[in-house]
Amino acid sequence: MAKKSVEELGTLQAATLEAVWALGEGTVHQVREHLAKDKPLAYTTVLTALQKLEKGGWLTHRAEGRSYVYVPTATQRQSVTASALRLVKNSFGGDPLRLFRQLLDARPYSDDELAELRRMIAAKRKEQKDA
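Below is a short write-up of the structure. Everything numeric here is computed off the predicted structure, so don't read it as measured data.

### Re the packing of aromatic side chains
Per the counting criterion, the structure on display carries 2 aromatic pairs. Pairing Tyr68 with Tyr70 gives two aromatic rings, centres 6.4 Å apart and planes at 75°, and the pair type is edge-to-face. Relative accessible area serves as the criterion here: at 42%, Tyr68 is assigned to the partly exposed category.

### What to know about the pairing of strand E2 (residues 67-72)
The pairing of strand E1 (residues 59-64) with E2 spans 6 bridges and is classified as antiparallel. Its bridge partner being in E2, Leu59 is matched across the sheet by Pro72. Adjacent in sequence and paired antiparallel, E1 and E2 are bridged by 2 residues, among which Gly65 carries a positive phi angle near 65°.

### Side note on the environment of Ser67
Turning to its location among the elements, Ser67 is positioned in strand E2. Along the backbone, Ser67 and His29 are 38 residues apart, and their C-alpha atoms lie at a distance of 9.3 Å. Ignoring sequence-local partners within four residues, the contact set of Ser67 consists of Thr27 and Arg62.

### Concerning the layout of surface pockets
Put simply, the largest pocket is a space of about 500 Å³. What lines the largest pocket is Leu97, Phe100, Arg101, Leu103, Leu104, Tyr109, Leu117, Met120, Ile121 and Lys124. Contributions of two or more residues to the lining of the largest pocket are made by helix H5 (96-106) and helix H6 (111-130). Here the lining of the largest pocket gets 5 residues from one element, more than from any other, and that element is H5. Of the residues assigned to the lining of the largest pocket, the class counts are 8 nonpolar, no polar and 2 charged.

### A few points about the nonpolar core
Leu17, Val31, Val46, Leu50, Trp58 and Leu59 are the most contacted members of the largest nonpolar core, which has 16 residues in total. Elements supplying a minimum of two residues to this core: helix H1 (11-23), helix H2 (28-35) and helix H3 (43-55). Tallying contributions element by element places H1 first for this core, with 4 residues. Here Leu50 is in contact with Thr16, Val20, Val28, Val31, Leu59 and Tyr70, once residues within four sequence places are set aside.

What counts and what doesn't
Residues numbered from 1 in each chain as written. Predicted model: local features only at pLDDT ≥ 70, side-chain atom pairs only at ≥ 80, totals over all residues. Heavy atoms only, no water. Phe/Tyr/Trp six-rings, centres within 6.5 Å; stacked < 30°, edge-to-face > 60°. Buried < 20%, exposed > 50% of the residue type's maximum accessible area, 1.4 Å probe, protein only. Pairing = 2+ DSSP bridges. Helix = DSSP H or I, 4+ residues; strand = E, 2+ residues; numbered from the N terminus. Contact = heavy atoms within 4.5 Å. 1 Å grid on protein atoms, 1.4 Å probe; cavity = no way out; pocket = protein on both sides within 12 Å on 5 of 7 lines; lining within 4 Å. Points joined across faces, edges and corners; volume = space filled by probe spheres on them. Nonpolar A, V, L, I, M, F, W, Y, C, P; charged D, E, K, R; others polar. Core = buried A, V, L, I, M, F, W, Y, C linked by side-chain atoms within 4.5 Å.

Nothing here speaks to function; it is geometry throughout.
Next up, the structure:
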């Protein structure tokens, strides 16, 4: 079974994965406690979500005493980057400039946002030049 993209995960699985990313790693109890800030969940509900995420390739685990510690198989940044690259490939023919044009045309941007985009482009130019 191919690994789903982040946006294809259900609400509970996505929230559970976000919790593990925020914690770095965690037991069922730790993840449940983290999720309880938004909504209290049963231990078995969180356990099932963690097991499904592990089966889907998002998490792995190690035993510590009588508990499993769940660890992400990729960082949040890596996962979001992979999703963005899939979006560019599937919706924009692999051309990121088409995506950027679409985003630029989608709404007005403040001067601060445009300045931040300029800073990001300048930093990327410098990074590529120095490489």
